[in-house]
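# Fold and geometry: a report
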Amino acid sequence: MSPRTSRLDRWLFLAGLAVLCAWTLVPIYLLALGALGGRDVVSQWPKPILPFDISLETLRTFLAIDGVWRATWTSIKAAAMCMAMALLMGIPAGYALARFRFRGSGAYRIMILMTRAFPVAILALPLAVTFIRLGVYDTPFGVALVHAVLATPFAVLVCASLFQAIPPELEEAAWVFGCSRFTGFFKVVLPLAFPGIAAASIFAFVLSWNEVFAASVLTVRQRTLTAYLLSVLSESPLHLQFAGGLILIVPSVLFIFLVRRRLFAMWGIGNR
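Residues numbered from 1 in each chain as written. Predicted model: local features only at pLDDT ≥ 70, side-chain atom pairs only at ≥ 80, totals over all residues. Heavy atoms only, no water.

### Overview of the packing of helix 7 (residues 140–165) against helix 10 (residues 194–210)
For clarity, the cut-off: Between N-to-C directions, angles cover 0 to 180 degrees, with each direction set by a line fitted to C-alpha atoms, over the stretch in contact for helices. A run of DSSP states H or I qualifies as a helix once it reaches four residues; a run of E qualifies as a strand once it reaches two. Both are numbered from the N-terminal end. In what follows, roughly perpendicular refers to angles from 65 to 115 degrees, roughly parallel to angles under 35, roughly antiparallel to angles over 145, and oblique to any angle outside these ranges. Put simply, a crossing is left-handed when the front helix is turned counterclockwise from the back one by less than a right angle, and right-handed when it is turned clockwise. Every residue pair with non-hydrogen atoms within 4.5 Å of one another is taken to be in contact. All amino acids are sorted into three groups, where Ala, Val, Leu, Ile, Met, Phe, Trp, Tyr, Cys and Pro are nonpolar, Asp, Glu, Lys and Arg are charged, and the leftover types, Gly among them, are polar.
Axis separation between helix 7 and helix 10 bottoms out at 9 Å; the angle between their running directions is 165 degrees. The orientation of helix 7 with respect to helix 10, classified from their angle, is roughly antiparallel. In this structure, the crossing between helix 7 and helix 10 has a hand that is right-handed. Mapping the contact onto sequence places His147, Leu150, Ala151, Phe154, Ala155, Val158, Cys159 and Leu162 in helix 7 and Gly196, Ile197, Ala199, Ala200, Phe203, Ala204, Leu207 and Ser208 in helix 10. Looking at the contact of helix 7 with helix 10 residue by residue, the classes come out as 13 nonpolar, 3 polar and no charged.

### Structural notes on the packing of aromatic side chains
Cut-off, in case you're wondering: Two aromatic rings from Phe, Tyr or Trp, using only the six-membered ring of Trp, form a pair when their centres are within 6.5 Å; if the ring planes differ by under 30 degrees the pair is stacked, by over 60 it is edge-to-face, and anything between is tilted. The classification of residues rests on relative accessible area computed with a 1.4 Å probe and restricted to protein chains. Under 20% of the type maximum is buried, over 50% is exposed, and intermediate values are partly exposed.
Per the stated rule, a full pass over the model turns up 8 aromatic pairs. Seen in terms of ring centroids, Tyr95 and Phe100 are 6.2 Å apart; in terms of plane orientation they differ by 80 degrees. Their pairing is edge-to-face. Ring geometry for Phe182 against Phe186: centres 4.8 Å apart, planes inclined by 55 degrees, an arrangement best described as tilted. Here Phe186 and Phe182 lie together in helix 9 (residues 181–192), a separation of 4 residues that amounts to about one turn. We classify Phe186 as partly exposed; its relative accessible area is 43%. What links up through ring pairs into an aromatic cluster is the set Tyr95, Phe100, Phe163, Phe182, Phe185 and Phe186.

### Some points on the environment of Tyr108
Inspection of the secondary structure puts Tyr108 in helix 5 (residues 105–114). By relative accessible area, Tyr108 is classed as partly exposed at 36%. For the pair Tyr108 and Leu97, spaced 11 residues apart in the sequence, the C-alpha separation amounts to 9.0 Å.

### Some words on the packing of helix 4 (residues 68–99) against helix 10
It is the contact of helix 4 with helix 10, at a shortest axis distance of 8 Å, that shows an interaxial angle of 140 degrees. Considered as vectors, helix 4 and helix 10 are oriented oblique to each other. Between helix 4 and helix 10 lies a crossing of right-handed hand. Across the interface between the two elements, Thr72, Ser75, Ile76, Ala78, Ala79, Cys82, Met83, Ala86, Leu87 and Ile91 from helix 4 touch Ile197, Ala200, Ser201, Ala204, Phe205, Ser208 and Trp209 from helix 10. In terms of residue class, the contact of helix 4 with helix 10 is made up of 13 nonpolar, 4 polar and no charged.

### With respect to the side chain of Asp138
Operational definition: By the counting scheme adopted, Arg and Lys are positive, Glu and Asp are negative, and His together with the chain ends is not counted. Salt bridges are counted wherever a side-chain nitrogen of Lys or Arg sits within 4 Å of a carboxyl oxygen of Asp or Glu. Here a polar contact is taken to be a pair of N or O atoms separated by no more than 3.5 Å, where protein atoms must pair a possible hydrogen donor with a possible acceptor and residues adjacent in sequence count only if both atoms sit in side chains.
In this fold, Asp138 is placed in the loop between helix 6 (120–134) and helix 7. Buried charge Asp138 goes without a salt bridge, the closest partner of opposite sign being Arg221 at 4.2 Å. Within the structure, the side chain of Asp138 is placed 3.2 Å from the backbone nitrogen of Arg221, a separation counted as a polar contact. From its side chain, Asp138 meets the backbone nitrogen of Gln222 in a polar contact 3.0 Å long. With sequence-adjacent residues up to four places away left out, Asp138 is seen in contact with Leu218, Thr219, Val220, Arg221 and Gln222.

### Looking at the nonpolar core
Applied cut-off: Buried residues of nine kinds, namely Ala, Val, Leu, Ile, Met, Phe, Trp, Tyr and Cys, make up a nonpolar core once their side-chain atoms join them within 4.5 Å.
Core analysis: the largest hydrophobic core is formed by 45 residues, its most contacted members being Ile91, Phe163, Phe185, Ile197 and Leu225. At the level of elements, helix 3 (57–63), helix 4, helix 7, helix 9, helix 10, helix 12 (225–232) and helix 13 (238–258) are the ones that each hand at least two residues to this core. With 12 residues, helix 4 is the largest single contributor of residues to this core. Counting residues in each nonpolar core, the second largest holds 9 residues, with Phe131, Val146, Leu207 and Leu218 among its members.

### Observations regarding the side chain of Thr224
Topologically, Thr224 is positioned in the loop between helix 11 (213–217) and helix 12. Aside from chain neighbours lying at most four places away, what touches Thr224 is Ala71, Thr74, Ser75, Val143 and Ala215.

### Considering the environment of Gln222
Mapped onto the secondary structure, Gln222 falls in the loop between helix 11 and helix 12. Of the residues examined, Gln222 reaches a relative accessible area of 33% and is grouped as partly exposed. Spatially, the C-alpha atom of Gln222 lies 8.0 Å from that of Arg70, the residues being 152 residues apart in sequence.

### So, a nonpolar patch on the surface
In plain terms, the rule: Note that patches include only residues with greater than 30% relative accessible area and no salt bridge, and the join distances are 9 Å for like charges and 5 Å for nonpolar side chains (Val, Leu, Ile, Met, Phe, Trp, Tyr). Method for areas: the Shrake-Rupley scheme with a 1.4 Å probe, in which residue coverage is limited to the protein chains shown.
A cluster of nonpolar side chains, contributed by Trp11, Phe13, Leu14, Leu17 and Leu20, occupies part of the molecular surface with about 560 Å² of accessible area. Checked against the element boundaries, Leu14 lands in helix 1 (residues 3–37). The class for Leu14 is partly exposed, based on a relative accessible area of 37%.

### Quick notes on the confidence of the model for the protein chain
So the rule is basically this: The predictor's confidence in any single residue is recorded as pLDDT, a number from 0 to 100.
With 83% of its residues at a pLDDT of at least 70, the protein chain reaches an overall mean of 78. Taken element by element, the protein chain is modelled with least confidence in helix 14 (residues 260–266), mean pLDDT 56, and with most confidence in helix 4, mean pLDDT 88. For residues 266–272, every residue scores under 50 in pLDDT, and the model assigns this stretch 9 contacts once sequence neighbours within four places are set aside.

Here it is in structure tokens:
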């Protein structure tokens, strides 16, 4: 490869990286600008790089709205339950797909993916009727149950890929030293699969935290934050809507930050 081609590839890689970063960070920057800059910055064009008068008054006004903290706590509970249920179902199913050979395993993987093909809007009315009969309508558990159904296919396939990458000989060595299949899984396989489990937990948490349609249909009084913002802020001023959007992304970013070391290890990246 000539030096000119190598230099061109490097510049193309850096340009693609810059576009990807801008695609991710510019919306967050505009949200923060509208939330911290106040009403004038929202309607100002061109946008300043940094507002001269940064104020937390808009955020304080938003957080003082009646019901915001209750909806935030409901979202946290629903996301935590969704994450737990997705991992409790995804880890054993992924391990079974990775370690056991059975007829129809390929079709089973396709069927797992096909569960994501059913729009929640089609299932909303039957789910609402069923949840009312079961007594879980308008509860964080009911919302988490629907979100877990959406997150479990991803958790199953990610965990299966991770377990396939772990050599079976490690488990067999644990059996030789007295471990059962159960204890060998928990002492040998599970710690090595933590990066993939971290990725699956991030997906489940963020999916539940950001999902709005099912949460709006399946709740009335115990709304999640997204459903509450949809009902309350639709007629609010733009700077309050920006503040709500900024508050909405903070927990997801914090959660990803907390598990970043495990996530980086999934791709073999050392974070010092």
